[in-house]
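# Residue-level structure breakdown
Below are the chains, spelled out letter by letter.
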Amino acid sequence: MITTARRLAGMVRVILHLLRSALTMALVMPWVGPQRRTRIVRNWCQAVLDLFRLDLAVTGTPACQTTAARPVLLVGNHISWIDIYAYMSVMDVRFVAKSEVGGWPLIGWFARRLGTIFVTRDSRRDAARAGSEIGRALGGGAAVCVFPEGTTTDGSVVLPFSGVLLQPAVETRALVQPVAIAYRDAEGRRSPRMAFIGEETLVASIWSLVVGERTLIELHFLEPVASDGRSRRQLAGECELAVRTALGLVTPTPAVPAQARSVTSGVALAAFPGH
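Model, not experiment: these values are computed from the prediction.

In this section: unusual backbone geometry. Phi angles above zero are rare outside glycine, and R53 is one such case at about 55 degrees. Turning to its location among the elements, R53 is positioned in the loop between helix 2 (34–51) and strand 1 (54–59).

Here it is in structure tokens:
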């Protein structure tokens, strides 16, 4: 039986990690070079995974680690705010987040310092501005990740991919790499434990996750798709099919399921500091 005392002890560990991360970000990161910064960030991410009893299994290789000739846009399905830590434990990447995150106390500060690109939900004009910023990041050599389903899910479905934030890949001739993520329990079955859906708050999510069974994160970096000669819609369709196939969820989902209400509005929730 999971007691309140165990949950409180877990929350204390999370808070201590948060405070250490804030001090490191403020006092150490401005004075270190790129390689040391990368090590620090990856250590942060691994510490977060450890806090929540998460193991990580990676297949494939991030395209940005094998080619420097072209920028890389990562496009994946989205289940949890933990997704971001899985990515950043193995690679340097900038995420796109809803604009509200930028205003959150401390969390928004972390996100800005880590190069998060913010976009206002349901605003075509701001989506165009964010697209320009993504294009500049790609042109400058940064890998950027977007989650084009428009929401998080419980992992049992892959929702249709929107191509709106894939336009910068077309304009910069970037490689577009589909990425599939899944969470598995000890028996290898899909685990809903990490899902961040509906009206759940970040604090409530952390409270529920600080204790629980060990969970395996499967992170699949799939074959990159060249953007040459493809429209953003074609790129979105190819990436969606690749992710569905990797997860064994090839049958298209006709509609957004009731439990998968909009949480991140098509963009990553880069919300939990320390990554």
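On to the pattern of salt bridges, then. Considering all chains together, one arrives at ten salt bridges under this definition. The closest approach of N and O atoms between D185 and R189, which form a salt bridge, is 3.0 Å. By relative accessible area, D185 is classed as buried at 13%. Three or more residues joined by partner-sharing salt bridges are found here, namely R94, D126, R129 and E133.

Most of strand 2 (residues 72–76) sits out of view: five of its five residues are buried. Taking every second residue as pointing to the same face, both faces of strand 2 are buried, with V72, L74 and G76 on one and L73 and V75 on the other. Across three bridges, the pairing between strand 2 and strand 5 (residues 144–146) is parallel. Directly across from V75, in strand 5, lies its bridge partner V146.

Judged by nonpolar contacts, the single largest core of 48 residues is most densely connected at F52, L74, W81, I82, Y87 and V93. When residues of this core are traced back to their parent elements, those giving at least two are helix 1 (4–27), helix 2, strand 2, helix 3 (82–88), strand 6 (175–184), helix 8 (202–209) and strand 7 (215–221). Top contributing element to this core by residue count: helix 2, with seven residues. Leave out the neighbours within four places in its chain, and I82 touches V48, L49, F52, L54, Y183, M194 and I217. Membership of the second largest hydrophobic core comes to 28 residues, among which are A137, L138, A174 and L235.

With that out of the way, let us pick up the packing of aromatic side chains. Considering all chains together, one arrives at six aromatic pairs under this definition. Look at W81 and Y85: their rings are 6.3 Å apart centre to centre, the planes differ by 85 degrees, and that puts the pair in the edge-to-face class. Across this residue pair, the class does not change: W81 and Y85 are buried. Seen in terms of ring centroids, F95 and F147 are 6.1 Å apart; in terms of plane orientation they differ by 20 degrees. Their pairing is stacked. With a gap of 52 residues between them, F95 in strand 3 (residues 94–98) and F147 in the loop between strand 5 and helix 7 (167–172) connect regions that are remote in the sequence. Of the two residues, F95 and F147, neither departs from the other in class, the shared state being buried.

Interhelical geometry of helix 1 versus helix 8 gives an angle of 120 degrees and a closest axis separation of 8 Å. Judged by the sense of rotation from one axis to the other, the crossing of helix 1 with helix 8 is right-handed. Between helix 1 and helix 8, the residues in contact are T4, R7, L8, M11 and V14 and I206, W207 and S208, respectively. In terms of residue class, the contact of helix 1 with helix 8 is built from five nonpolar, two polar and one charged.

In this section: a nonpolar patch on the surface. Taken together, the side chains of V12, I15, L16 and L19 make up a nonpolar region of the molecular surface, amounting to roughly 340 Å² of accessible area. The residue L16 is located in helix 1 in this model.

The residue E240 is located in helix 9 (residues 232–247) in this model. The contact partners of E240, leaving out residues within four places of it in the chain, are V158, L159, P160 and F161.

With that out of the way, let us pick up helix 8. For helix 8, the full list of buried residues reads L202, S205, I206 and L209. Looking down the long axis of helix 8, one finds its buried residues gathered within 95 degrees of arc, a one-sided arrangement.

Following both chains from N to C, one finds helix 1 and helix 2 inclined at 175 degrees, their axes separated by 11 Å at the closest point. In terms of axis orientation, helix 1 runs roughly antiparallel to helix 2. For the pair helix 1 and helix 2, contact is made by R13, V14, H17, S21, T24 and M25 and by I40, W44, A47, V48 and L51, respectively. A per-class count over the contact of helix 1 with helix 2 returns seven nonpolar, three polar and one charged.

Take helix 2 next. Here helix 2 contains 18 residues, and its C-alpha end-to-end distance of 26 Å stays within 8% of the 26 Å for a straight helix at 1.5 Å per residue. When we look at burial in helix 2, the residues that qualify are T38, I40, V41, W44, C45, V48, L49 and L51. Among the structural elements, helix 1, strand 1, helix 3 and strand 7 are those in contact with the buried residues of helix 2. At the C-terminal side of helix 2, R53 shows a positive phi close to 55 degrees.

Definitions and limits used
- Residues numbered from 1 in each chain as written.
- Predicted model: local features only at pLDDT ≥ 70, side-chain atom pairs only at ≥ 80, totals over all residues.
- Heavy atoms only, no water.
- Helix = DSSP H or I, 4+ residues; strand = E, 2+ residues; numbered from the N terminus.
- Salt bridge = Lys/Arg side-chain N within 4 Å of Asp/Glu carboxyl O.
- Buried < 20%, exposed > 50% of the residue type's maximum accessible area, 1.4 Å probe, protein only.
- Pairing = 2+ DSSP bridges.
- Core = buried A, V, L, I, M, F, W, Y, C linked by side-chain atoms within 4.5 Å.
- Contact = heavy atoms within 4.5 Å.
- Phe/Tyr/Trp six-rings, centres within 6.5 Å; stacked < 30°, edge-to-face > 60°.
- Axes fitted to C-alpha atoms, helices over the stretch in contact; angles between N-to-C directions.
- Left-handed = near helix turned anticlockwise from the far one by under 90°.
- Nonpolar A, V, L, I, M, F, W, Y, C, P; charged D, E, K, R; others polar.
- Patch = residues over 30% accessible without salt bridge, like charges linked within 9 Å, V, L, I, M, F, W, Y side chains within 5 Å.
- Areas by Shrake-Rupley, 256 points an atom, 1.4 Å probe, with all protein chains shown as cover.
- Arc of directions from axis to C-beta.
- Parallel < 35°, antiparallel > 145°, perpendicular 65-115°, else oblique.
- Expected span 1.5 Å × (residues − 1).

The quantities given are spatial measurements derived from coordinates; they are silent on function.
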